[in-house]
Amino acid sequence: MTATSDSKKDGGFLETVRVIVHALLIALVIRTFLFQPFNIPSGSMKDTLLIGDYLFVSKYTYGYSRFSIPFSPNLFSGRILGSEPTRGDVVVFKLPRDNETDYIKRVIGMPGDKIQMIGGLLHINGAPVKRERLPDVAEDDGTGRKVPVKRWRETLPNGVTYETLDLVDNGFYDNTPVYEVPVGHFFMMGDNRDNSADSRVLSQVGYVPFENLIGKAQVIFFSIDEGASAWQVWTWPWTVRWDRLFTRVH
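Quick notes on the rules
Starting afresh in each chain, residues are numbered from 1 along the sequence in its written order. Thresholds applied to this predicted model are a pLDDT of at least 70 for local features of residues and 80 or more for the giving and counting of side-chain atom pairs; totals over whole chains, interfaces and linings are not thresholded and use all residues. In computing side-chain properties, one takes all heavy atoms of the structure into account and sets aside hydrogens as well as water. Only protein chains enter the area calculation, which uses a 1.4 Å probe; residues under 20% of their type maximum are buried, those over 50% are exposed, and those in between are partly exposed. We count a stretch as a helix when DSSP gives it H or I for four or more residues in a row; a strand needs E for two or more, and each element gets its number in order from the N terminus. Two residues qualify as a contact provided that any one of their heavy atoms is within 4.5 Å of a heavy atom in the partner residue. Strand pairing requires that DSSP identify at least two bridges connecting the strands. The axes used here are C-alpha line fits, helices contributing only the stretch in contact, and every angle between their N-to-C directions lies in the interval 0 to 180 degrees.

**What to know about unusual backbone geometry**
Right, so step 1: The peptide bond linking Lys46 to Asp47 adopts the cis configuration, its omega dihedral lying at 0 degrees.
Right, so step 2: One non-glycine residue with positive phi stands out, namely Leu81, at about 55 degrees.
Right, so step 3: Classification of Leu81 as exposed rests on a relative accessible area of 69%.
Right, so step 4: Even without a glycine there, the phi angle at Asn99 is positive, about 55 degrees.

**A short note on the environment of Asn39**
Right, so step 1: Here Asn39 shows up in strand S1 (residues 35–39).
Right, so step 2: For the pair formed by Asn39 and Ile220, sequence separation is 181 residues and the distance between their alpha carbons is 9.3 Å.
Right, so step 3: Excluding residues that lie within four positions of it along the chain, Asn39 makes contacts with Asp53 and Tyr54.

**Description of the pairing of strand S14 (residues 213–223)**
The side chains of a regular strand alternate, first on one face of the sheet and then on the other.
Right, so step 1: Of all eleven residues making up S14, nine are buried, and the element is well covered by its neighbours.
Right, so step 2: Here six bridges tie strand S2 (residues 53–58) to S14, and the two strands are oriented antiparallel to one another. By the bridge assignment for S14, Phe56 is matched with Val219.
Right, so step 3: Summarising the sheet, strand S3 (residues 90–94) and S14 pair through three bridges and their orientation is antiparallel. Pairing of Val92 across the sheet is with Gly215, part of S14.
Right, so step 4: As paired strands, S14 and strand S15 (residues 247–248) are joined by two bridges and run antiparallel to one another. Of the residues in S15, the one forming a bridge with Val219 is Arg248.

**Concerning the sheet that holds strand S10 (residues 161–166)**
Right, so step 1: The three strands lie next to each other as S8-S9-S10, forming an open sheet whose pairing is antiparallel. For this open sheet the edge positions go to strand S8 (130–140) and S10, each flanked by a neighbour on one side alone. Averaged over all adjacent pairs, the angle separating strand axes in this sheet is 30 degrees, with direction ignored.
Right, so step 2: The sheet contact formed by strand S9 (residues 146–155) and S10 spans six bridges and is antiparallel. Counted as the bridge partner of Trp152 is Thr164 from S10.

**A look at the side chain of Ser72**
Right, so step 1: Looking at where Ser72 falls in the secondary structure, it is placed in the loop between S2 and S3.
Right, so step 2: Overall, Ser72 belongs to the buried group, its relative accessible area being 15%.
Right, so step 3: The residues contacting Ser72, other than those within four sequence positions of it, are Arg66, Phe67 and Lys94.

Here it is in structure tokens:
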């Protein structure tokens, strides 16, 4: 082998390494500053989000905190270019209890709000939220049996509408004390009201600091049936939820 062919081989290897490094840097920039993918592991946001949904979260919507950076290094506190979420946004955040676990819920209470559940009806600052009964949906009761579940369309004071599920009457968190949201914090709730550990559980989630927000859920880019494996591409024709692909999160 000649010196020329050796140098070409070395040059080709270095070029491959350079391309890989550039690709990783671009991916890191996109993940840190623009969009980050998440998947839904639980049913706490049904029927807005289902187990097996994969979605993109915009990192720039609320500005950047240390939790915007992979591994959350403690480089600074607060937010850079911060912008508060809008009531009704579906948000990914770090669980305040450990600052590590990713949660996804809907913003219900803004700083200074008083939030309360009375008879399963959400109240904000003493006023009941408008809601409209929708046709029941069939849900698995945990034994494989389908049972009817109440479904409502809620409308927040700012006009944001979404659907919620009411699995049982007089559930554990259908009647609560008044929660007063501290300054710089937000009150989060899941749309599957009787099956969501959220800000109503002060010992587990509680009020979420602005700093802990990662981003706003924007679009579902992939969705597969609960229990199916995304890597088993040969099953996609009947396991992928084709009607959910590239739908906006509301």
